[in-house]
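Each chain, written out:
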Amino acid sequence: MTGRFDPAVADVRWQARWEESQSFVADTASPKPKTYVLEMFPYPSGRIHMGHVRNYTMGDVLARFRRMQGHEVLHPMGWDAFGMPAENAAMERGVHPGTWTRSNIDSMRAQLKRIGFALDWSRELATCDPEYYGHEQELFLDLFEAGLVYRKESEVNWDPVDMTVLANEQVIDGKGWRSGALVERRRLSQWFLKITDFAEELLAGLGELKGWPDKVKLMQENWIGKSRGLQFHFRLAGAEPIDSVEVFTTRPDTIFGASFVAIAPTHPIAEAVAASDPEAAELIAECRRGGTSAAEIETAEKKGYHTPVEAIHPLDPDWRLPVYIANFVLMDYGTGAIFGVPAHDQRDFEFATKYKLPIRRVVARAVEDADQPIVGEAESDHGVAVNSKFLDGLATEQAAAEIISRAEAEGWGQGTTTFRLRDWGVSRQRYWGTPIPIIHCDACGAVPVPRDQLPVILPEDVSFDQPGNPLDRHPNWRNVPCPSCGGEARRETDTLDTFVDSSWYFMRFASQPADKPFDREAAEQWLPVDQYIGGVEHAILHLLYARFWTRALNRIGRIGMSEPFRGLFTQGMVTHETYRAGDGSWLSPDEVRRDGDDWIHIESGAPVTLGRVEKMSKSKRNTIDPEPIIARYGADAVRWFMLSDSPPERDLEWSEGGIEGAARFVQRVWRLAVADSRADGDDEALERKRHRAVAAVTEALEGLQFNKAVAQLYELTTAIEKAKPSATRSRAIRTLVQLAAPAAPHLAEEAWAVLGETGMVVDAPWPEFDAAMLVEDQVTLAIQVNGKLRDTLDAPRGLDRGAVEALALGSEKVQRLLDGNPPRKVIVVPDRLVNIVA
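To start, this report covers the structure provided alongside it. As the structure is a computational prediction, the values presented were derived from the model and not from experiment. (Residues numbered from 1 in each chain as written. Predicted model: local features only at pLDDT ≥ 70, side-chain atom pairs only at ≥ 80, totals over all residues. Heavy atoms only, no water.)

**A word on the overall build of the chain**
- Counting secondary structure elements, the chain contains 26 helices and 37 strands.
- With the C-alpha coordinates aligned to their principal axes, the bounding extent of the chain is approximately 100 × 80 × 65 Å.
- Counting across all 838 residues of the chain, residues that qualify as buried make up 55%.
- A total of about 36100 Å² of accessible surface is found on the chain, and carbon and sulfur atoms cover 48% of it. (Helix = DSSP H or I, 4+ residues; strand = E, 2+ residues; numbered from the N terminus. Buried < 20%, exposed > 50% of the residue type's maximum accessible area, 1.4 Å probe, protein only. Areas by Shrake-Rupley, 256 points an atom, 1.4 Å probe, with all protein chains shown as cover.)

**Details of the packing of helix α20 (residues 656-674) against helix α22 (residues 706-722)**
- In the contact formed by α20 and α22, the axes pass within 11 Å of each other and the chain directions differ by 40 degrees. Taken together, the axis directions place α20 and α22 in an arrangement best described as oblique. When the axes of α20 and α22 are compared, the crossing they make is left-handed. In this structure, α20 uses Gly 661, Phe 665, Arg 668, Val 669 and Leu 672 to contact α22, whose residues at the interface are Leu 713, Tyr 714, Thr 717, Thr 718, Ile 720 and Glu 721.
- Residues belonging to the contact of α20 with α22 are distributed by class as follows: six nonpolar, three polar and two charged. (Axes fitted to C-alpha atoms, helices over the stretch in contact; angles between N-to-C directions. Parallel < 35°, antiparallel > 145°, perpendicular 65-115°, else oblique. Left-handed = near helix turned anticlockwise from the far one by under 90°. Contact = heavy atoms within 4.5 Å. Nonpolar A, V, L, I, M, F, W, Y, C, P; charged D, E, K, R; others polar.)

**What about the nonpolar core?**
- Ranked by internal contacts, the top residues of the largest apolar core, which has 176 residues, are Tyr 36, Phe 506, Leu 527 and Trp 654.
- Setting aside its immediate chain neighbours within four residues, Tyr 36 contacts Leu 74, Pro 76, Phe 506, Phe 509, Ala 510, Trp 526, Leu 527, Val 529, Asp 530 and Gln 531.
- With 40 residues, the next largest nonpolar core counts Ile 255, Ala 274, Ala 280 and Leu 321 among its residues. (Core = buried A, V, L, I, M, F, W, Y, C linked by side-chain atoms within 4.5 Å.)

**Things to note about the packing of aromatic side chains**
- Summed over all chains, the structure comprises 37 aromatic pairs.
- Relative to Trp 504, the ring of Tyr 132 has its centre 4.5 Å away and its plane inclined at 20 degrees; by these criteria the two rings are stacked. In this pair, Tyr 132 is assigned in helix α5 (residues 130-145) and Trp 504 in the loop between α14 (498-501) and α15 (505-510), connecting sequence segments 372 residues apart.
- Look at Tyr 132 and you get buried, because its relative accessible area is 2%.
- Centroid distance Trp 424 to Phe 548: 6.2 Å. Interplanar angle 75 degrees. Geometry classified as edge-to-face. Of this pair, Trp 424 sits in strand β19 (residues 424-425) while Phe 548 sits in helix α17 (residues 542-555), and the two are 124 residues apart along the sequence.
- For Phe 548, a relative accessible area of 0% puts it in the buried group.
- Positioned over the ring face of Phe 390 is Arg 406, at 3.7 Å from the centre of the ring. (Phe/Tyr/Trp six-rings, centres within 6.5 Å; stacked < 30°, edge-to-face > 60°. Lys NZ or Arg CZ within 6 Å of the ring centre and 35° of its normal.)

**Examining empty space enclosed by the protein**
- Taken as a whole and assessed by the stated rule, the structure comprises three cavities of 30 Å³ or more.
- Each pocket or cavity is described by its volume, and for the largest cavity that value is around 100 Å³.
- In terms of lining, the largest cavity is formed by 13 residues, of which the most central are Gln 170, Trp 177, Arg 178, Arg 430 and Thr 498.
- Of the residues in the lining of the largest cavity, the class split is five nonpolar, three polar and five charged.
- In this structure, the second largest cavity encloses a volume near 80 Å³. (1 Å grid on protein atoms, 1.4 Å probe; cavity = no way out; pocket = protein on both sides within 12 Å on 5 of 7 lines; lining within 4 Å. Points joined across faces, edges and corners; volume = space filled by probe spheres on them.)

**A word on the packing of helix α19 (residues 635-644) against helix α24 (residues 745-754)**
- Packing of α19 against α24 leaves a shortest axis separation of 7 Å and a crossing angle of 125 degrees. One way to sum up the angle between α19 and α24 is to call them oblique. Of the residues in α24, those in contact with Ala 635, Asp 636 and Arg 639 of α19 are Pro 745, His 746 and Leu 747.
- Taken together, the residues that form the contact of α19 with α24 break down as three nonpolar, one polar and two charged.

**Regarding the sheet that holds strand β21 (residues 438-441)**
- Strand order in the open sheet formed by four strands is β22-β21-β24-β23, with antiparallel pairing between adjacent strands. Of all the strands in the sheet, just β22 (445-448) and β23 (479-481) have a single pairing partner and so form its edges. With direction set aside, neighbouring strand axes in the sheet form an average angle of 40 degrees.
- The pairing of β21 with β22 spans four bridges and is antiparallel. Across the sheet, Cys 441 pairs through a bridge with Gly 445, a residue of β22. (Pairing = 2+ DSSP bridges.)

**Considerations on unusual backbone geometry**
- That bond from Leu 454 to Pro 455 is cis: its omega, 0 degrees, falls within 30 degrees of zero.
- Pro 528 follows Leu 527 through a cis peptide bond whose omega is -5 degrees.
- Following the sequence through the fold, Pro 528 ends up in the loop between α16 (520-523) and β26 (531-534).
- Even without glycine at this site, Asn 387 takes up a positive phi of about 50 degrees.
- Along the chain, the position of Asn 387 falls in the loop between β17 (384-385) and α12 (396-410).

**A short note on the sheet that holds strand β34 (residues 778-785)**
- Spatial ordering of the open sheet is given by β35-β34-β37-β36, a layout of four strands whose pairing is mixed. Lying at the two open borders of the sheet, with one neighbouring strand each, are β35 (788-796) and β36 (825-829). Ignoring which end each strand starts from, the neighbouring axes of this sheet average 20 degrees apart.
- Pairing between β34 and strand β37 (residues 833-837): four bridges, direction parallel. Of the residues in β37, the one forming a bridge with Ala 782 is Leu 833.
- Strand contacts of helix α25 (residues 801-809): β34, β35, β36 and β37, with the helix running at about 115 degrees to β36, the strand carrying the most contacts.

**Regarding the pattern of salt bridges**
- Taken as a whole and judged by the stated rule, the model has 52 salt bridges.
- Among the salt bridges present, the one from Glu 750 reaches Arg 13, with a minimum N-O distance of 2.7 Å. Of this pair, Glu 750 sits in helix α24 while Arg 13 sits in helix α1 (residues 7-20), placing them 737 residues apart in sequence.
- Judged by its relative accessible area of 10%, Glu 750 is buried.
- In this structure, the salt-bridge partner of Arg 109 is Glu 124, at a minimum N-O distance of 2.9 Å. Taken together, the residues Arg 109 in helix α4 (residues 97-114) and Glu 124 in strand β4 (residues 120-126) connect sequence positions 15 residues apart.
- Judged by relative accessible area, which is 21%, Arg 109 ranks as partly exposed. (Salt bridge = Lys/Arg side-chain N within 4 Å of Asp/Glu carboxyl O.)

**Quick notes on the pairing of strand β32 (residues 607-615)**
- Alignment of strand β28 (residues 574-580) against β32, held across five bridges, turns out to be antiparallel. Paired with His 576 across the bridge in β32 is Glu 614.
- Across two bridges, strand β31 (residues 598-601) lies against β32 in antiparallel orientation. Bridging from a neighbouring strand, Ile 600 pairs with Pro 607 of β32.
- The hairpin turn running from β31 into β32, its antiparallel successor, is five residues long, and Gly 605 in that turn takes a positive phi close to 80 degrees.

**Comments concerning the environment of Val 613**
- As for its placement among the helices and strands, Val 613 is situated in strand β32.
- Owing to a relative accessible area of 40%, Val 613 belongs among the partly exposed residues under this scheme.
- Here the alpha-carbon distance between Val 613 and Gly 46, two residues 567 residues apart in the chain, equals 25 Å.
- In contact with Val 613, other than residues within four places in its own chain, are Thr 575, His 576, Glu 577 and Glu 653.

**A short note on the pairing of β34**
- In this structure, β34 lies alongside β35, joined through eight bridges in antiparallel fashion. Bridging across to β35, Gln 778 finds its partner in Pro 796.
- Following β34, the chain reverses through two residues before pairing antiparallel with β35; Asn 786 in that reversal takes a positive phi of roughly 55 degrees.

**Considering α12**
- Look at α12: 21 Å from first C-alpha to last across 15 residues, which is about the 21 Å you get at 1.5 Å a residue.
- Listed as buried for α12 are Thr 396, Ala 399, Ala 400, Ile 403, Ile 404 and Ala 407. The arc that holds every buried residue of α12, seen down its axis, measures 135 degrees, which confines them to one face. Exposed side chains of α12 directed beyond 90 degrees from the buried face belong to Glu 397 and Ala 409.
- Taken together, the buried residues of α12 touch β10 (226-237), β16 (363-364), β17 and β18 (413-419). (Expected span 1.5 Å × (residues − 1). Arc of directions from axis to C-beta.)

In structure tokens, the structure reads:
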């Protein structure tokens, strides 16, 4: 066979063969060692993008590699199918969210199959299917019965565009993580999962996650936010009938620097003041229009209202502190009240500066710095206590311990440990989500849906002709008899946060019985996931929630493990240049062309501004559609490019030159295969390179260093191309095909066949190497004259001193420098260098 490798033919041929032979269907009963490889499953938007291609290619290479190593591999695919985009599409296009979602799934499934991923499609699931979310409702009721689910009225983040509640983690820079709308505060009755019951466990468990990136573990540690401090109360004057306010501080050593007490707008004291004070009521109303996320509160302008209430300092009954209603204090964080120390907290500094409150230094580097003013910004460092009466001169840690001890002895406070983490609010005011399996009865309260009535299925006959949740307007579905008393009752119309769906899907992939969420014994054959791959942006969203859900199910006996993911890899983004027209609108790469050093809009001929290289995104229109690229270059060239140009944890910049280079490499390997001749003879140097390549590629793939594996394959390919026909060369070509198979599987199968090998390369074993062949028998000696490098020479390893001297002195360059004179001295460092002193 001659000619060029034709990916259009080969891709289709081998994808059909793999499907025919069910090559990637995982067998739980297999005696082989098991490996579970999983990428974060996609939202079915309708089109895959280059980020998907890169993410799934990495997992695919690992899955194929492990399979060739003799493992039984589970590598499944499914769809994170609930959520607001489908509901928005229903309103915009007049289609049902289910119709839109399932159509998108069909499109994306076909696109993923076109790339040849080694996926077990027999385990495919979509979270919008009753077969999936019905089991999720069962797990929800398990947690409800275990006391890990509760309902309460709380201050929430309200997205006014998506018209739903967002968890704090879903508010980015004060905006909804999907809609981008400014988030508002509201008080609603919500369902919560008791993730705080697991705060200590979740924190301690991070130390056991040896296969996780340190940056992700640090992000979770900071989000959980364990801190030791003092919880105490100020007695109040002027707030009858409320006689005290409780606060918590991690810096009790600064108590003598207090300038004010600030309370949340929804604190009972604030509400009592607002009842007779219109100005206080107006500030509270304004605060409700802001978000509740910590990030937004930290960056917002600090606003307060000076109430008539005063707080009495616990260490000085004559010391009164003003009490303010403040927009940066939240009722659901801590106690809903803080005391402000402007000298040593930047937020308090900004507030005190605005309202002209005292800024008193109580911490300094040394006692003699006690009178140094605080200028420009707060000083939050530790040091020694100053201007603090009996604490003066103590290190901050000692001063804190002394205050806690005194507070406990005098009965006005208690040393305590707190966490930044708050319970997970899972209620969402939207249709397209898992129905919460609860029925509300005026007589019986919140009653679980009986198990034999699960799943609670979303009704299909809903209308999106007006804003809000259509389930609230669906009397046939909403109004039901109470399972407890038989009286009139109402279904819960909130649906679950989609992060609940993704908190256990990896368990359902591992085991899929019809009558329960998963079979524990079967699931534990695969779990925890050996290698999980996805974006770092999910560090304190999906990843933390999945860890909690796993621990919660472990506590109630559903699963026998505490951590869901043994290994975690966070890949970089795929990036591209951005382009802007004269009116500031974004242009896509296919709308522009290069003209020398300039860029031109193809349609109008107008100049285009070249912008920064940024993550591919629909909003900036700098995306590349994989389909035409695959159609032009083939799946393997795209896969190869995704692995070759950058370390996988870093961003990868898309370039036409890069994909063309990958396509050229595919043809190079093909030419070696079709031109192979099984000549006689050995080539020891090539054999050593072959063994070294196997060792190096194996090590690189074990460490997920895909770009290093690619570099080794380039090097082996070049060595084979330079070698003369021999039995060794034929063996090296076959090894090259096997090593390339995880990354370029269609090329490898086609080459394996043309080389006359039996079966498919996907079923071939991974090549082995001889460690003895990794030792170089040649070394390169640096030849110096008077300490300066003048030549390099290859020599057998371990050559004796006399032979090394003779070799070095025989160098033409050395002889020219010596000019017939004998050297004064020759210094030999074995197998490394020779220094000739002239």
